[in-house]
Amino acid sequence: MYRYDEYDQQIVDERVKQYRDQVRRRLSGELTEEEFLPLRLQNGLYMQIHAYMLRIAVPYGLISSKQMRMFAHIARKYDRGYGHFTTRQNIQFNWLKLEDTPDILADLASVEMHAIQTSGNCVRNITSDEFAGVAQDEVVDPRPYAEILRQWSTFHPEFAYLPRKFKIAISGGKEDRAAIYAHDIGLAVTKNTQGEVGFRVLVGGGLGRTPIIGSEICEFVPWQHILTYVESILRVYNQYGRRDNKYKARIKILVKALGVDEFRRKVEADWADLKDGHGTLTSDEVNRVTSFFVDPSYETLTDHDPRLNEFKADSRSFSNWLSCNVKPHRIPGYAIVVLSLKKPGEAPGDATAEQMEAVADLADRYSFGELRITHKQNLVLADVRQKDLVRLWQESTEHELTTPNIGMLTDIISCPGAEFCTLANARSIPLAKVISECFEDLDYQHDIGEVTLNISGCVNACGQHHIGNIGITGVEKKDHDEWYQVSIGGAEGNDSSISKIIGPSFTFNQVPEVIQRLIHVYLRERTETECFIDTVRRIGHAPFKEHVYATDFVAQEEKVADKHSVESAQYEIPFYSPRF
Amino acid sequence: MIIKNKTIVADDWTVLRLKEQDTAESAIVASGKVIVPLKVWQAQRETLQQRKDIGVWLASDECPEDLKGDIHKFSVVAVDFPKFSDGRGYSIAYNLRARLGYKGELRAIGDVLRDQLFYMQRVGFDAFAPRPDRKIEDAIKGLSDFSEVYQTSFDPALPLFRRTQRKGNSTAGTVQ
């Protein structure tokens, strides 16, 4: 993976110093909260309901065991012993004190990490394919370009006060695993017919209040020009994006208002004198950064370890895990292992300090000391020898990391929700827990097969509900109760689509039953080879809607109400706080 | 007092801001060194261009291209930041320098605070009028927050990877 040189280290160290002084000025009253807000937001620090939340950047989701151990240290020393991995491959700590944050940044800088631009109206962490470099369908490894873009966007002087936040994702496989259609800029690094590397550039995708699938603005930007081309997109957005209404301020609204052709014309006009200018990438620089992403020292091995098959036949749990959580690797004899952070009953994406240290040890022993964080809030060991799978499974089971549910219904994406976040209308994590407990039965889950369920506590869509096959959104109603809209038909990847709401919203306790009913219609209607999304696309919303609203929910409401209080957490101390 | 060329200096320019009852045509431009709004310049160009002591300032929603033919007439051009979170002025400055080739003083006015100064100097500002309720001696420290940067802008013209020989991975393939 990429390692800092003296320039990277100096920039991050100077950032710690600058931020420490900003905090000092805030604490002394020299800066008002209003003035401090954009400064702390450029650094991932949010003021939430109970405490400050700090979001730490994990560039394109790639992390070393040493860095993961630092997260464990931060969790113990400054937080309450756990952290939350996010849909943009970052980690958040939810219970921090403002005065500790400069020390946390100094700790992070000591392991080549930072929290630069993890929030605020600037270019955010660049996200990428969690299987980059090891996927069988990879066309070009996106990681060197993700790192080059990280450096380019870090403290870019012109684009720190954009109309709104700006998210870039980059994928390099035939299948998009980075949700590039749902980003402000989506990049697919690819090769043209002459074998030259370049980028298909999508612009104006995004979720939030107005979900839009990104439009292609250029079919092929040669690699040399990607930085200047992205610069021109940002300059057009910075000048013309709306600033009068934050809900209309994302680039997708501008692209829609101008039309993609006019937007492209403006970008190309801006780009005309930048093309081939000083900002153009050099092959020296690409080669330098690529040198950090060469293959680790793989052994010469073969697939189909006979002992694996034996053990598979003996252990149902292992065989479930193998089929669900282990993915094919491009090198014979190796496998990609997804460690599930979605154990039913736990908060999706949460990991304790002990788990972080355990996965760091597993990475050292089984995967060249590296880990990835997925946008579905799980962890990945990308380079595991197939002959180590049994031992790895046994060891990670001890740390509750082997729930065989990757891609299944209980592999839920969830935002932190109203327990933590001032924006949310409703709780997300407790709902995810209740739903996953409802579908805990693995045989049932495996019978249902692949389906994605994404939960956001409000329309801002941090839980990416629009691109879940089933999406759940917390909505606001007058009586301050929690209500949830349910939508179906969303998808990410090459066939991205935005889900549609099925009808009037539900109470917290009705939602699990709603999901049951949706699944019931799918199981009733599916053909042999169909996943949930295929059936929705074939038969449409009507049969689902009809069944969900056909009968009332009274009995289920009572049943669940026995297990949990239904007080909205937003207005008082939450009844549920993870792990204590 | 303003910050100019990284030092605190006395300043004898005044910035004309239109009052509600003023129009660009009717606004009275006092004698002496005055930085007038772009609209006033456009409306009173015939008389104002007779004077040597006129600067012009752009609001954040105005286009630097509107000054295209006139840009070299000014020794001071200012860009207004109505709120520090309004980042349009950074692109305006970049375009004034890089596209229009403006070489004179480029001054940031309005909601200008210490923590923006580093970015502002990089897109081409060389003069800053920090908000008067803050100490200018503190504000000037913002210019030296960082000693190195990655990307090109107006300053520096070359990105880090064209300015220096950076080290690649000598231990390619192994993880420490």
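None of the values given here were measured: they were computed from a predicted structure.

## Points about the overall build of chain B
Part 1: Counting secondary structure elements, chain B contains 6 helices and 8 strands.
Part 2: For chain B, the α and β elements follow one another from N to C terminus as β-β-β-β-α-α-β-β-α-β-α-β-α-α.
Part 3: Taken over the C-alpha atoms alone, chain B extends approximately 70 × 35 × 25 Å along its principal axes.

## Topic: the confidence of the model for chain B
Part 1: Here chain B averages 94 in pLDDT, and 97% of its residues register 70 or above.
Part 2: Here the complex is predicted with pTM 0.93, and the ipTM for its interfaces comes to 0.96.

## Section: the domain arrangement of chain A
All names here are of chain A.
Part 1: Entries for chain A in the domain assignment read domain 1 (6–109), domain 2 (127–293), domain 3 (306–397) and domain 4 (413–571).
Part 2: Taking only C-alpha atoms into account, the centre of domain 3 sits 28 Å from that of domain 4.
Part 3: Tallying the contact residues gives 8 residues for domain 3 and 10 residues for domain 4.

## Focus: the sheet that holds strand β12 (residues 334–339) of chain A
Residues and elements named next belong to chain A.
Part 1: One open sheet accounts for 5 strands, arranged β3-β14-β15-β12-β11; its pairing is antiparallel. For this open sheet the edge positions go to β3 (62–64) and β11 (326–328), each flanked by a neighbour on one side alone. Averaged over all neighbouring strand pairs, the angle between strand axes comes to 35°, with direction disregarded.
Part 2: Bridge count between β11 and β12: 3 bridges; the pairing is antiparallel. Across the sheet, the residue bridging to K327 is I336, located in β12.

## Some remarks on the packing of helix α7 (residues 251–258) of chain A against helix α8 (residues 260–271) of chain A
Helices that pack against each other are described as a pair by the angle of their axes relative to one another and the distance between those axes.
Residues and elements named next belong to chain A.
Part 1: Contact geometry for α7 and α8: axes closest at 6 Å, N-to-C directions at 105°. The orientation of α7 relative to α8 falls into the category roughly perpendicular. Where α7 approaches α8, its residues L254, V255 and L258 are matched on the opposing element by V260, E262 and F263.
Part 2: Each residue belonging to the contact of α7 with α8 can be placed in one class, and the counts come to 5 nonpolar, no polar and 1 charged.

## Considerations on the packing of helix α16 (residues 511–525) of chain A against helix α18 (residues 542–550) of chain A
Residue and element names in this part refer to chain A.
Part 1: Between α16 and α18, the least distance of the axes is 9 Å, while the angle of their chain directions is 135°. As far as their axial angle goes, α18 and α16 are oblique. The handedness of the crossing between α16 and α18 is right-handed. Residues V514, R517, L518, H520, V521 and E525 of α16 lie in contact with α18, whose contacting residues are P543, F544, H547 and V548.
Part 2: Taken together, the residues of the contact of α16 with α18 sort by class into 6 nonpolar, 2 polar and 2 charged.

The rules behind each value
- Residues numbered from 1 in each chain as written.
- Chains lettered and ligands numbered in written order.
- Predicted model: local features only at pLDDT ≥ 70, side-chain atom pairs only at ≥ 80, totals over all residues.
- Helix = DSSP H or I, 4+ residues; strand = E, 2+ residues; numbered from the N terminus.
- pLDDT = per-residue confidence, 0-100.
- Domains from an automatic or database assignment.
- Contact = placed C-beta atoms within 7 Å.
- Pairing = 2+ DSSP bridges.
- Axes fitted to C-alpha atoms, helices over the stretch in contact; angles between N-to-C directions.
- Parallel < 35°, antiparallel > 145°, perpendicular 65-115°, else oblique.
- Nonpolar A, V, L, I, M, F, W, Y, C, P; charged D, E, K, R; others polar.
- Left-handed = near helix turned anticlockwise from the far one by under 90°.

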